[in-house]
Amino acid sequence: MNSDDNSEKQSNVKEPKLSEIGQLVMDNESVYPAVILVIFSGLSWDDTSICHKFSTFCLPIVKYMIEKGRVTNELAVFMFSRVLYGLQQHGEHEMNQYMLLGLGLHIYQTLVKLNVCVNQVLTNIPNAPVEMIDKLKRCLEERKTSEKKLKDIFKKIVSPIIGVSLGEKFKREVKIENLPQMFRRRRKENDNSEDKINDISSLFRPQPK
């Protein structure tokens, strides 16, 4: 399947949008800052179900705020950073990790077009591979890379902060050295040659009467 087929499939998928009530809420200047604060902060709350529910609102909110021209550098950094905090908190859960990686990539794709400083958020990740950040930017500019490959690149960038389970966090490498034999075969000191069976056929010979 080539990139053209991928782009056609992606274009056929309906993008999530805010409902009429959601748009009215986001148009209220005294309400929408609190809504954004709660929803994006909720991604890193200690509740995987809340994270899952709130993540469905994040991308529609980002796109609507861009449409209305209300996205500042500070707001962009806040929204993108909260997704990364969610990965740090819930990355140990496969479903949440998959969902937040996709959300983080889509938000990055959306915000990077505005030339806001979301790249600085990625470069501030400890031990983040700079060459992968450059590769992600290059792939987005060329628009020839499939979404799966983009997601893999994005995962490599944020992998240093993806949360792991408590057991994995303090896991120690187990090294098993070569152990000595527990049982050693001992030789009999007085071993009569007559008692030895040299040929298996001798077992079936008739005994003399």
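Residues numbered from 1 in each chain as written. Predicted model: local features only at pLDDT ≥ 70, side-chain atom pairs only at ≥ 80, totals over all residues. Heavy atoms only, no water.

Student: Explain the packing of aromatic side chains to me, please; I cannot follow it from the model alone.
Tutor: By convention here, two paired aromatic rings are described through the distance between centres and the angle between planes. This model, assessed by the stated rule, comprises 3 aromatic pairs. An aromatic cluster of three or more residues is present, and its members are F80, Y108 and F154. The ring of Y98 carries the charged tip of K151 above its face, separated from the ring centre by 3.4 Å. (Phe/Tyr/Trp six-rings, centres within 6.5 Å; stacked < 30°, edge-to-face > 60°. Lys NZ or Arg CZ within 6 Å of the ring centre and 35° of its normal.)

Student: Is there a simple way to explain the packing of helix α8 (residues 130–142) against helix α9 (residues 147–158) in this structure?
Tutor: Between α8 and α9, the least distance of the axes is 9 Å, while the angle of their chain directions is 155°. Judged by the angle between their axes, α8 and α9 are roughly antiparallel. By crossing handedness, the relation of α8 to α9 is classed as left-handed. Taken together, the residues of α9 that come into contact with α8 (itself represented by M132, I133, K135, L136, C139 and L140) are L150, I153, F154, K156 and I157. Classifying every residue of the contact of α8 with α9 by side-chain character gives 9 nonpolar, no polar and 2 charged. (Axes fitted to C-alpha atoms, helices over the stretch in contact; angles between N-to-C directions. Helix = DSSP H or I, 4+ residues; strand = E, 2+ residues; numbered from the N terminus. Parallel < 35°, antiparallel > 145°, perpendicular 65-115°, else oblique. Left-handed = near helix turned anticlockwise from the far one by under 90°. Contact = heavy atoms within 4.5 Å. Nonpolar A, V, L, I, M, F, W, Y, C, P; charged D, E, K, R; others polar.)

Student: Sorry if this is basic, but what is going on with the side chain of S44 here?
Tutor: Summarising the element assignment, S44 is placed in the loop between α3 (32–41) and α4 (48–67). Within the structure, S44 has its side chain in polar contact with the backbone oxygen of S41 (distance 3.1 Å). Here the side chain of S44 touches R82 through a polar contact of 2.7 Å, side chain to side chain. Residues in contact with S44, not counting those within four places in the same chain, are R82, Y85, G86, Q89 and H90. (Polar contact = N/O pair within 3.5 Å; in protein donor to acceptor, adjacent residues only side chain to side chain.)

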